Amino acid sequence: PIFIPKGDERKAFDVPAEYLSDRYRPLGTQLANRFGEEANEVVSVSRISIPNLGEILELQRDANFSLFIPKHRLYAGRLIDIFLGVRNVDDLLAVAVYARERVNPYLFNYALSVAILHRSDTQDLDIPSIIRLFPDKYVDSKVFEKAREEANVVPEGSRMPIEIPKDFTASDLEEEHKLAYFREDIGLNLHHWHWHLVYPFEASVSVVNKNRRGELFYYMHQQVMARYNFERLCNGMQRTERLIDWDRPIKEAYFPKLDSLVASRSWPSRVTNQTLQNVRREVDGIIVDVDDLKRWRDRIYNAIHSGAVRDKSGNSVPLTATEGIDILGNIVESSVISINRDFYGDVHNMGHVMLSYIHDPDHRHLESFGVMGDSATAMRDPIFYRWHAFVDDLFQEFKSALPRYSENELNNPGVVIQDIQLEVQGGSANRLQTFWQQSDVDLSRGMDFQPRGSVFIRFTHLQHRPFSYKISVQSNNARQGTCRIFLAPKFDERGNPWLFRDQRLMFIELDKFLVNLKQGQNTITRNSNQSSVTIPFERTYRDLDTSRPVGGNDLAQFNFCGCGWPANLLIPKGSAEGFACQLFVMISNINDDLIQQDTSGTCNDAYSYCGVKDKLYPDRRSMGYPFDRMPRDGVDTLQQFLTSNMRVQDVAIQFENRTFRPKQ
Ligand code: CUO
């Protein structure tokens, strides 16, 4: 038997000898004694018939793992199926212990996390936190040296947090570096990792086929682009340029300065002016040409322009105004539920792959993929946004061809919004305030060193003062409605007022919630921390408090709720002068909004970008409504777009260049 300690709990597993790899089997008793002394609880692992891991083992333990690589997807799919296929939790533990000894750790962690999220009997289990298991995907490599030193020399309790400098990947000579605070935000990258964990594109169909997942792929990434463009304008930059000329050098470079602790390699960098190449990497099972990418793109544009797609049997399937976007999302991403993957290919994923191998497309230098190859790291790289600007443009091409919303489809007769005010804690009305804040995260679980105990890193991120909305509404009846709150820059990058058709793509969702109006005058108050977009700051970073007994639901919520926009990035950075914005509030007609279902007890507090676990997306309208389509005839400006159930308030975002340190 062997004991494997698991973090601070000091829980150990009593494992059948045949589960050990050849290397450790002879050491069984020795290891048992060593780890056993540290343990305060021993869990015995049952003997099951040993699963055949087969080709899953082709991925070396010290290799990097990418969901975008078809071969790796296949391994992940197999392993997920093995984890989903065992009868009960005891067998799952046994098969997981057996696999953990042999399988690539990134692959193992991914597959086990997906399985835990999707098995009905594991809803009360914690999924491993990726930042604590693999901090190397988020943190400057130098930090680990320091952390090891701190842990070796300084006893737990007197250890100082190790500070990650705010500007560690580039200097101000690089224009794009102005946005590093956003791209490299830990919460942002954790959100993206969680999103793709909750909505895998490769696994058995029953796992992939979630309600409106293709549409949510479009909408979540559209909002990423809107938010990124918003930040760019705040920093005096232009909106992201789409990556559309695939034969030209790419000016954006990126040097991640991350070292993989597992693969013992640095994440490859991309110098400026690299050009996409055909990828020939037998070792990863990827043979893909730039021409493949172009062919798939052209077929998708053709489908959009003809209003229909071709399924596997050659039948034409119309792209309807409401469901078309869902079909298109699965085609573009693409996911296993793409209506015809052979024909429409794998555009978005292969873009990630080709960009991530741009430095070594034929593997002659034996280099692995860059950060674009991993959903946990991709958002750090400026090229992510240029690629997704192209992807989003595909979807916008489709949306632009749809019928415009008529005034009837927008209005909510009898409901009039009379006034909106933002009340900012400790500040003045309608003036949001942003600043830098420092937070500490305990990384000790991802670091294998003695002596154990907490090692904190301290990082700096954007934050805003808490605020609340105060909305005055007149209603001629008692009724329900959906309150939709968005924010956009008031002027374009030249300082000119927007045309509505352009500004609509800049609106970022801030909140969406049900309101109960009484007849007559109503005042709606809503706090920023209740947002349907974000998860609270503590949830992104906190560790589960294992000393506290938690009910099943708590944990299930914790897992799924790892998906959510980080609360610290709810409000864009703004500017020192106060960045001019327009706050938009609408109360839409409940008859066209409402989904009848019970979501109590499930994680539903960040549903706008993440949906609700095992439920329908809780808003019947097209995602992005009312900004997802071109305006009706005669509407050129936001003011002209408004019906009486909508209102716009000028607000500003004032950034103060000050850093607040954690409370001790
Ligand atoms: Cu989320 Cu391109 O999909 O990264």
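Residues numbered from 1 in each chain as written. Predicted model: local features only at pLDDT ≥ 70, side-chain atom pairs only at ≥ 80, totals over all residues. Heavy atoms only, no water.

## Comments concerning the environment of R242
Stage number 1. Along the chain, R242 turns up in the loop between α10 (213–234) and β4 (259–260).
Stage number 2. With a relative accessible area of 35%, R242 lands in the partly exposed category.
Stage number 3. Note: C-alpha distance between R242 and Y385 (143 residues apart in sequence) is 8.1 Å. (Helix = DSSP H or I, 4+ residues; strand = E, 2+ residues; numbered from the N terminus. Buried < 20%, exposed > 50% of the residue type's maximum accessible area, 1.4 Å probe, protein only.)

## With respect to the state of the cysteines
Stage number 1. Within the structure shown, the criterion is met by one disulfide.
Stage number 2. Through a disulfide, C563 is tied to C610; the S-S separation comes to 2.1 Å. Residues C563 and C610 share a disulfide whose torsion about the S-S bond is about -75°; that sign makes it left-handed. Of the two residues, C563 is situated in the loop between α19 (552–560) and β18 (565–566) and C610 in helix α20 (residues 607–610); the sequence distance between them amounts to 47 residues.
Stage number 3. For C610, a relative accessible area of 1% puts it in the buried group.
Stage number 4. There is no disulfide at C234, and the cysteine sulfur nearest it, in C581, is 6.3 Å away.
Stage number 5. Note on C581: relative accessible area 1%, which makes it buried. (Disulfide = S-S within 2.5 Å.)

## Notes on the pairing of strand β13 (residues 467–475)
Stage number 1. Of all nine residues in β13, seven are buried, a share of seventy percent or more.
Stage number 2. Across nine bridges, strand β10 (residues 415–424) lies against β13 in antiparallel orientation. When the sheet's bridge partners are listed, L422 is paired in β13 with Y469. (Pairing = 2+ DSSP bridges.)

## Some remarks on the sheet that holds strand β20 (residues 646–660)
Stage number 1. Strand order in this open sheet of seven strands is β3-β12-β11-β20-β19-β14-β15, and the pairing throughout is mixed. Pairing within the sheet leaves two strands with one partner each, and these edge strands are β3 (162–163) and β15 (508–517).
Stage number 2. In the sheet, strand β11 (residues 431–442) pairs with strand β12 (residues 456–464) via nine bridges, with the strands oriented antiparallel. Paired with T434 across the bridge in β12 is H464.
Stage number 3. Taken strand by strand, α10 contacts β12, β14 (479–489), β15, β19 (579–589) and β20, and its axis lies near 115° from that of β15. (Contact = heavy atoms within 4.5 Å. Axes fitted to C-alpha atoms, helices over the stretch in contact; angles between N-to-C directions.)

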